[in-house]
Amino acid sequence: MTDAPHSHEPILTIDGLHKSFGPVNAVDHVSLEIRKNEFFALLGPSGCGKTTLLRMLAGFETPTGGRILLEGNDISALPPEKRPLNLMFQSYALFPHMTVAKNLAYGLEMDRLPKAEISRRVEEIMAVTDLGQFAGRKPDQLSGGQKQRVALARALVKRPKVLLLDEPLGALDKKLRERMQLELKRLQHEVGITFIIVTHDQEEALVMADRMAILKDGKLLQCGSPEDVYETPADRFVANFIGVMNFIEGVVGSDGIFNAEGLKLATGTEIRGAATLAVRPENITVTGGSFGIGGKIVDMAYHGLDRVLHVKIAASATPLQVRVPANAAVPHTVGDTIHIAIDPDRTRLFKN
Ligand code: ATP
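The structure reproduced in this document is the subject of the present report. Because the structure is a prediction, the values reported are computed rather than measured. (Residues numbered from 1 in each chain as written. Predicted model: local features only at pLDDT ≥ 70, side-chain atom pairs only at ≥ 80, totals over all residues. Heavy atoms only, no water.)

### Structural notes on the sheet that holds strand β11 (residues 246–252)
And step 1. Taken together, five strands build an open sheet; the order of strands is β13-β12-β11-β14-β20 and the sheet is antiparallel. Of all the strands in the sheet, just β13 (263–266) and β20 (347–351) have a single pairing partner and so form its edges. Ignoring strand direction, the axes of neighbouring strands in this sheet form an average angle of 35 degrees.
And step 2. Sheet topology places strand β12 (residues 257–260) next to β13; four bridges connect them, and they run antiparallel. Note on β13: the bridge partner recorded for Ile257 is Ala266. (Pairing = 2+ DSSP bridges. Helix = DSSP H or I, 4+ residues; strand = E, 2+ residues; numbered from the N terminus. Axes fitted to C-alpha atoms, helices over the stretch in contact; angles between N-to-C directions.)

Here it is as structure tokens:
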């Protein structure tokens, strides 16, 4: 067990990987590099091909085309048990009649490791996953979160080079899920094994992943760090899928200035003609005076530290979401007329 730093060295290279089921391209020529020791998330809406991609990596699905390289070696034709990858299923599939310690030892016993080595590795993984006190319990004497930890420990005890996790937190309630997100990340860091996690939950991917890939209709739309994807989404779909985004339709003139009704913004764009301006709620400010873009508060939501104002402006049929600190000096109420300003450096423009 090492506290390995991240490296940029790829461990897994996915090269033009393709899978079709009849007319459906479940995974459509995806190329990706996953780096050693990183926590990588495959993210996308239902049916985008995440599970099919993960199953191809694990060897449970045969690609229609493309290659999978592990540390430079083509593993595309290897059966699952010959791949140094381990897939943790959504259902934990623990043996109900075995204790936690036995569940953990089982895979190593199958591999015929010496007894002493098995006990040492089981002890070690129970310490890392904080399961020591449950060693003698059976799965039905554990909570959902504890069962999840056993499943994880069972996958890790075999020391795979890469651990594949398909919606590992899907069965947990929201509170536990949030706690386990941090725990999973800590654990990954501690064991120094590359994790590839499938999730449809954007928040989860943002919290846990070092880098993430966004898929839609089998195609890779963007791959990058959570910051990259949040700050510079590759297209409208990604912009809308990750976090909250306001969209304003307009036109960019030959001078490069974005125009919509009552709104002019010099964004430094190369785009000309019909375009959509995308701006996050935190990048719009209330000017506090009568300068800026005039609008009316039509709704308001309190989120603890901040408040989201829904502001109707002439340039947009949909009210803009504007995030302001909840303790803002000037209190706002629904029906107020206010003025807002958009920071042009924190916007994205997409050609229509
Ligand atoms: P979810 O989040 O709902 O699990 P997903 O992103 O994991 O979705 P996949 O399960 O990979 O998506 O499915 C991708 C596409 O391939 C879907 O359109 C699905 O209907 C189709 N598909 C998956 N498995 C098969 C199969 N065995 N036969 C036919 N079509 C399939």
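### Examining the site of the ligand
And step 1. Taken together, Phe21, Val24, Ala26, Pro45, Ser46, Gly47, Cys48, Gly49, Lys50, Thr51 and Thr52 are the residues near the ligand.
And step 2. Within the side chain of Ser46, a nitrogen or oxygen atom sits 2.6 Å from an oxygen atom of the ligand.
And step 3. Lys50 is positioned such that a nitrogen or oxygen atom in its side chain is 2.8 Å from an oxygen atom of the ligand.
And step 4. Considering the ligand on its own, with 630 Å² of exposed area, one finds that the protein chains cover 56% of that surface.
And step 5. Only β2 (24–35) and α1 (50–58) provide two or more residues apiece to the shell around the ligand.
And step 6. Top contributing element to the shell around the ligand by residue count: α1, with three residues.
And step 7. When its residues are assigned to classes, the shell around the ligand shows five nonpolar, five polar and one charged. (Near = heavy atom within 4 Å. Polar contact = N/O pair within 3.5 Å; in protein donor to acceptor, adjacent residues only side chain to side chain. Areas by Shrake-Rupley, 256 points an atom, 1.4 Å probe, with all protein chains shown as cover. Nonpolar A, V, L, I, M, F, W, Y, C, P; charged D, E, K, R; others polar.)

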